[in-house]
Amino acid sequence: FEEKSDPATDIIEGAYEENQGMLAYDGSADNNLRYIGANPNNYVRFNDELWRIIGVFSVNTQSNGTQNLVKLIRNETLDGLAWHGSNTNDWSGATLQQQLNNGYYNGTDSTCNVYSTSVTKTCYFSETGLNSTARNMVESVVWNLGGISSTSNTAEEFYTAERGTTVYSGRPTTWTGKVGLMYPSDYGYAVLASSCARTTNLGDYDSTACTGNNWLKADSIQWTMTPSSSSSNRVFNVSYNGS
């Protein structure tokens, strides 16, 4: 999600000239500034825990128009949660979206779907959720829900598709809210381009050159927000092997 903090955007943008080994403009249509490489110094203390900065993005906010905001991602996996308890790929109604923007955002315990869509448990968000200080720093923004049908696409192609209108029948193309997930393009653009070329399809990111130079690669499977445009129940994730 995006943290509302104008001084932070100024600091990151000001650091670009001296830190081009770990900061780069992605060359997309919006040319966002992102942290790249194996382990850039993009750590911040947020919600009294460790988070990392994905980058600075120009986004459409619900209350203040278009702004440059900082997008953060939690350093540790929150939990093993199902994307949608009804096994569909509509983020606007997904159980994970509701759990993150209600129980997690408000710091209140709630029932969560885990792994199998038929299994639930109590999520103790009163312990792991956002505190009042963190909540006041989060802006409500327009998230893009455009889909794509294959992993045989580059980070740039994913980025364009995410902001497009190609979706499975009846699915929305945007959603407005506070807490989301990373996009496939976030993962794709986080790699060091000199090691893993920008022309590499994300389905081929399992090579050492890519996984060893991408700070968003984790030891667990990671959900993304982006649905398949050709399926009613599939969404893209980053696998254990980095693809």
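Residues numbered from 1 in each chain as written. Predicted model: local features only at pLDDT ≥ 70, side-chain atom pairs only at ≥ 80, totals over all residues. Heavy atoms only, no water.

Caption draft 1: Just the nonpolar core, in detail. In this structure, I12, W91, L130 and M225 are the most contacted members of the largest nonpolar core, which totals 60 residues. Ranked by residue count, the leading element in this core is strand β5 (residues 49-61), at six residues. (Core = buried A, V, L, I, M, F, W, Y, C linked by side-chain atoms within 4.5 Å. Buried < 20%, exposed > 50% of the residue type's maximum accessible area, 1.4 Å probe, protein only. Helix = DSSP H or I, 4+ residues; strand = E, 2+ residues; numbered from the N terminus.)

Caption draft 2: Examining the pairing of strand β6 (residues 65-74) more closely. Sheet topology places β5 next to β6; ten bridges connect them, and they run antiparallel. Paired with R52 across the two strands is I73, which belongs to β6. From the end of β5 to the start of β6, which pair antiparallel, there are three residues. (Pairing = 2+ DSSP bridges.)

Caption draft 3: Main features of the state of the cysteines. Per the counting criterion, the structure on display carries two disulfides. With its sulfur 2.1 Å from that of its partner, C112 forms a disulfide with C123. Here C123 lies in strand β8 (residues 120-123) and C112 lies in strand β7 (residues 110-113), a separation of eleven residues in the sequence. Just as C112 is buried, C123 falls in that class too. Between the sulfur atoms of C196 and its disulfide partner C210 the distance amounts to 1.9 Å. Measuring handedness by torsion sign, the sulfur bridge of C196 and C210 sits at about 75° and is right-handed. Pair noted here: C196 is in the loop between α6 (184-189) and α7 (208-211) and C210 is in helix α7, with a separation of 14 residues, a long-range link. For the pair formed by C196 and C210, the shared burial category is buried. For the protein chain, the bonded cysteines pair up as 1-2, 3-4 when numbered in the order they occur along the sequence. (Disulfide = S-S within 2.5 Å.)

Caption draft 4: How the structure looks around the confidence of the model for the protein chain. Scored by pLDDT, the protein chain comes out at a mean of 93, with 97% of its residues at no less than 70. The secondary structure element of the protein chain with the lowest average pLDDT is strand β1 (residues 2-3), at 48, and the one with the highest is α6, at 98. In this model residues 1-5 is a low-confidence stretch, pLDDT under 50, and it forms 29 contacts with partners more than four residues away in sequence or in other chains. (pLDDT = per-residue confidence, 0-100. Contact = heavy atoms within 4.5 Å.)

Caption draft 5: Layout of the side chain of E139. Its location among the elements puts E139 in the loop between α4 (132-135) and β9 (141-144). Accessibility expressed as a relative area gives 6% for E139, which makes it buried. Within the structure, E139 has its side chain in polar contact with the side chain of S63 (distance 3.4 Å). In terms of polar contacts, E139 uses its side chain to reach the side chain of N64, at 3.2 Å. (Polar contact = N/O pair within 3.5 Å; in protein donor to acceptor, adjacent residues only side chain to side chain.)

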